[in-house]
Amino acid sequence: MALAHRSSGLLKPLSTASSSSFLHRRPYSTDDTTTITVETSVPFTGHNCETPSRSVDTNPKELMTFFTDMALMRRMEIAADSLYKSKLIRGFCHLYDGQEAVSIGMEAAITKKDCIITAYRDHCLFLGRGGTLLESFAELMGRTAGCSNGKGGSMHFYKKEACFFGGHGIVGAQVPLGCGLAFAQKYRKEGHVTFTMYGDGAANQGQLFEALNMAALWDLPAILVCENNHYGMGTAEWRAAKSPAYYKRGDYVPGLKVDGMDAFAVKQACKFAKEHVLKNGPIILEMDTYRYHGHSMSDPGSTYRTRDEISGVRQERDPIERIRKLILAHDLATEKELKDIEKQARKEVDEAIAKAKESPMPDEPELFTNVYRKGFGVESFGADRKELRTTLP
Amino acid sequence: MASIFQGVGAATSLSSSTSIDTKKFHFCSRRSRSERKASFVVVRSGGAKVENRIGGRAEQLVTNAVAAKADTPTAATVSKPGHELLLFEALREGLEEEMERDARVCVMGEDVGHYGGSYKVTRGLAEKYGDLRVLDTPIAENSFTGMGIGAAMMGLRPIIEGMNMGFLLLAFNQISNNCGMLHYTSGGQFKIPVVIRGPGGVGRQLGAEHSQRLESYFQSIPGIQMVACSTPYNAKGLMKAAIRSDNPVILFEHVLLYNLKERIPDEEYVLNLEEAEMVRPGEHVTILTYSRMRYHVMQAAKTLVNKGYDPEVIDIRSLKPFDLYTIGNSIKKTHRVLIVEECMRTGGIGASLTAAITENFHDYLDAPIVCLSSQDVPTPYAGTLEEWTVVQPPQIVAAVEQLCR
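Residues numbered from 1 in each chain as written. Chains lettered and ligands numbered in written order. Predicted model: local features only at pLDDT ≥ 70, side-chain atom pairs only at ≥ 80, totals over all residues. Heavy atoms only, no water.

Scanning chain B from terminus to terminus reveals 16 helices and 14 strands. The 405 residues of chain B split such that 61% are buried. Accessible surface, chain B as shown: approximately 14800 Å² in total, 53% of it carbon and sulfur. (Helix = DSSP H or I, 4+ residues; strand = E, 2+ residues; numbered from the N terminus. Buried < 20%, exposed > 50% of the residue type's maximum accessible area, 1.4 Å probe, protein only. Areas by Shrake-Rupley, 256 points an atom, 1.4 Å probe, with all protein chains shown as cover.)

Structure (structure tokens):
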């Protein structure tokens, strides 16, 4: 049976993929490149620009990859939730579950040379850029195996080789940085673009409009992506913004409103945006998305919205469910196979957590490394001048 | 030799209360390496740089100086090596040399391009390098500083100019959180080789908001370096060093020092960012200063010498980190410290320096450290009040006399 053959093709490579990043393409022996055309859930709405078509081309491999990757992201965020509750992750932890489609769709449309910069809800974007589960969990728990050696934390994930620029704690401050990345790309004439992501809360920051003005003035290849999950921590968007149509706020800068829970809509929009900015200067993409958790782990998430609303969105618009339905509709895998993929994701996450727990905490001299690029060759002391002496490199 | 001294002496007659006779320039003769005062000491790598500089040459800039024409001494017309220029031209020269050398160096700021810079530091560069490399930004300090930092994360080496240092308060978040901390929070992945520069300090009745000393606000930010230039020689050298450094460097210039004239070498030179400058070696007291106060100190030094004191004047130049090596050696010699700065009394560079010296060199001190700073008031507009806000030479003289009793 074609199904059985396919299922064996699915299950075998899974075990070998456990130690590496889950984002490697698994070999599918059948129907790899058949084009499947998918319609986005809703049409795009444009401001000062024509909208891309609702039909998106994809293929079985991409569909399965979307499902697998999103399942992994979802599992990672839920695991982070329980790690936080068991006090292994401290401080602030902002979870991305519900919004995975934005990361997945964006990655499908761009290359690793295009830059992404975002705020503090960065775990899944880091994973999408090629970061490993081990690096994520180790960083969250403050261990040396983390992507920033444990010195950054949840809000400071970076991956330079994949052009992922973080990971920023101050709301809105990453937008001028993103325009700076775009400036450098224009300066070097490389033909890449920058996706500068921010939330509906940050959309009211002045520096965003300052940066947008400059990007539009100099035709910088900057795509401003507003991940509108409708709540700026506890404040609903209609209570914070006179005009919550964030894609229109650029005025002279064109904008596009996208259903952020539909990975294919996101993919189409990002592809369109990339082509647009390389010719015409900046564009704003508003991703209409939703977060299931509260703003962060310290926020229950239910004081400013009803549980019915949350479960309603989960039932009707969940990004993983959408892909699951598509896969089942196109007969690419069975229910059981999909469940197995989710189980595999769970297993990988658990393994990564176990490995991350083994990673040591940073040593005391690490306190003083990487403050300056090349130190001054002087000794550095702790507050009492007796301990923590180290020679700066 | 005597004619040179006389020439210098005539140029430095001042309306201050101290009378200076030309023949009393005997302190110059102690530095009998007089042939060196016209040429320049090349920076010796590794060792502390020793500079012979007669403060008199810089006296042209003191607010009340009478612009007396010096009889050009014959020795001065002997062709000296180097070329003469003003401080802002020295900054421009350093900037231009670095832009020539490395295509990644770019400038961004308000009116730096077509206008040529509000203090002419970037004049002519936009015509030469184009609008993208010498970028005229809109008035949006927070975001263009952020843009510069983002560009630096991608590998460029921007120089961000604040038209007045006070305006950079709007960019404090970007400077503190992104500029200073990104290298650390990314685990060393990104370096931020920006230079943030601009004029600060108390000018000539510019008003409270345009007379700010931001070095005291920025000094706590981890991950940045701060330097203050005071002469054309060190302005060019520090500018070049700051651009070449992989760390974010804040270069503090002073509004009133842009028209200082000096002869600097033709050869290329780069100064050490973390080193202090020995302006005048001495025995009795160490006077630590930087930027414009250096000139007030040198003016006071003349009076002090006439009264028989021998002050050692060090221009600390590096505001973060302090060059405790040079400073410490000086303290071990003189055992008395006077700090003269333009920052406010509360939380200024002098306050940190006092703490650092007390911590490290307490055993060598014969007297408590005296720190002369500006008053803790917004800088008034009225001329007389403004003068009283800032440390003046008679106060320095009085403080030294008090210290050395």
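Next up on the list: the interface of chain A and chain B. With 45 residues of chain A in contact, the opposing surface of chain B contributes 49 residues. It is Phe183(A), Tyr187(A) and Arg373(A) that lose the most area in chain A upon contact with chain B, and together they represent 19% of the buried surface on that side. In this structure, the connection of chain A to chain B is made through one salt bridge. Salt-bridge contacts for Arg373(A) lead to Asp246(B); the nearest nitrogen and oxygen are separated by 3.9 Å. For the interface between chain A and chain B, the tally reads 16 residue pairs in polar contact (both at pLDDT 80 or more). Counting only elements with at least two residues in the side of chain A that touches chain B, the list comes to α6 (174-188) and α7 (206-217) of chain A. Looking at the side of chain A that touches chain B residue by residue, the classes come out as 23 nonpolar, eleven polar and eleven charged. (Contact = heavy atoms within 4.5 Å. Buried area = accessible area lost by both parts, 1.4 Å probe. Salt bridge = Lys/Arg side-chain N within 4 Å of Asp/Glu carboxyl O. Polar contact = N/O pair within 3.5 Å; in protein donor to acceptor, adjacent residues only side chain to side chain. Nonpolar A, V, L, I, M, F, W, Y, C, P; charged D, E, K, R; others polar.)

Here we come to empty space enclosed by the protein. Residue and element names in this part refer to chain B. Considering all chains together, one arrives at ten cavities of 30 Å³ or more under this definition. By volume, the second largest cavity amounts to about 90 Å³. The element that contributes the greatest number of residues to the lining of the second largest cavity is strand β7 (residues 249-254), accounting for three residues. Of the residues assigned to the lining of the second largest cavity, the class counts are three nonpolar, four polar and four charged. (1 Å grid on protein atoms, 1.4 Å probe; cavity = no way out; pocket = protein on both sides within 12 Å on 5 of 7 lines; lining within 4 Å. Points joined across faces, edges and corners; volume = space filled by probe spheres on them.)

With that out of the way, let us pick up the sheet that holds strand β14 (residues 370-374) of chain B. Residues and elements named next belong to chain B. Strands sit in the order β9-β11-β10-β13-β14 across an open sheet of five strands; the sheet is mixed. If you trace the sheet from one side to the other, it starts and ends with β9 (277-280) and β14, each paired once. Between one strand axis and the next, the sheet turns through 25° on average, direction left out of account. One ladder, built from four bridges, connects strand β13 (residues 337-344) with β14; its direction is parallel. Following the sheet pairing, Ile-339 is matched in β14 by Cys-371. Helix-sheet contacts for helix α12 (residues 293-306) involve β9, β10 (285-289), β11 (311-315) and β13, and the interaxial angle to β11 is about 170°. In the packing of helix α16 (residues 393-403) onto the sheet, the strands contacted are β10, β13 and β14, and the crossing angle to β13 comes to about 145°. (Pairing = 2+ DSSP bridges. Axes fitted to C-alpha atoms, helices over the stretch in contact; angles between N-to-C directions.)

Turning to the state of the cysteines, a few remarks are in order. All names here are of chain B. Within the structure shown, the criterion is met by zero disulfides over all chains. Cys-106 provides the cysteine sulfur closest to Cys-179, a residue in no disulfide bond, and the two sulfurs are 14 Å apart. Free of any disulfide, Cys-404 has its nearest neighbouring cysteine sulfur in Cys-371, separated by 16 Å. (Disulfide = S-S within 2.5 Å.)

Moving on to the packing of helix α5 (residues 133-140) of chain A against helix α12 (residues 335-358) of chain A. How two helices sit against one another is set out by the angle between their axes and by the gap between those axes. All names here are of chain A. Where α5 meets α12, the axes come as close as 8 Å, and the angle between the chain directions of the two elements is 50°. Viewed along their axes, α5 and α12 adopt a mutual orientation that is oblique. Crossing angle aside, the handedness with which α5 passes α12 is right-handed. Contact residues: α5 offers Leu-133, Leu-134, Phe-137 and Ala-138, while α12 offers Glu-348, Val-349, Ala-352, Ile-353, Lys-355 and Ala-356. A per-class count over the contact of α5 with α12 returns eight nonpolar, no polar and two charged. (Parallel < 35°, antiparallel > 145°, perpendicular 65-115°, else oblique. Left-handed = near helix turned anticlockwise from the far one by under 90°.)

What follows deals with the pairing of strand β8 (residues 261-264) of chain B. Residue and element names in this part refer to chain B. Of the two faces of β8, the one holding Glu-262 and Ile-264 is buried and the one holding Lys-261 and Arg-263 is not buried anywhere. Relative to β8, strand β1 (residues 83-86) runs antiparallel, the two sharing four bridges. Bridging across to β8, Leu-85 finds its partner in Glu-262.

This part is about the pairing of strand β6 (residues 225-228) of chain B. Residue and element names in this part refer to chain B. Burial of the side chains of β6 extends over both faces: Gln-225 and Val-227 are buried on one face and Met-226 and Ala-228 on the other. Bridge analysis of β6 against β7 gives four bridges, and the strand direction is parallel. By the bridge assignment, Met-226 is partnered in β7 with Ile-250. For the segment spanning β6, helix α11 (residues 232-244) and β7, crossover handedness is right-handed. (Right-handed = clockwise from strand over helix to strand, strands pointing away.)

Further remarks concern the packing of aromatic side chains. Summed over all chains, the structure comprises eleven aromatic pairs over all chains. Relative to Phe190(B), the ring of Tyr158(A) has its centre 5.7 Å away and its plane inclined at 75°; by these criteria the two rings are edge-to-face. Note that Tyr158(A) is positioned in the loop between α5 and α6 and Phe190(B) in the loop between α9 (182-185) and β5 (195-200), a pairing that runs across two chains. Here the two residues Tyr158(A) and Phe190(B) agree in accessibility, since each one is buried. Seen from their ring centres, Phe183(A) and Tyr187(A) are 6.0 Å apart, and the 50° between their planes marks the pair as tilted. Taken together, the positions of Phe183(A) and Tyr187(A), both in helix α6 and four residues apart, correspond to about one turn of that helix. Side by side, Phe183(A) and Tyr187(A) carry an identical accessibility label, which is buried. Ring pairs connect the aromatic residues Phe126(A), Phe157(A) and Phe164(A), which therefore count as one cluster. (Phe/Tyr/Trp six-rings, centres within 6.5 Å; stacked < 30°, edge-to-face > 60°.)

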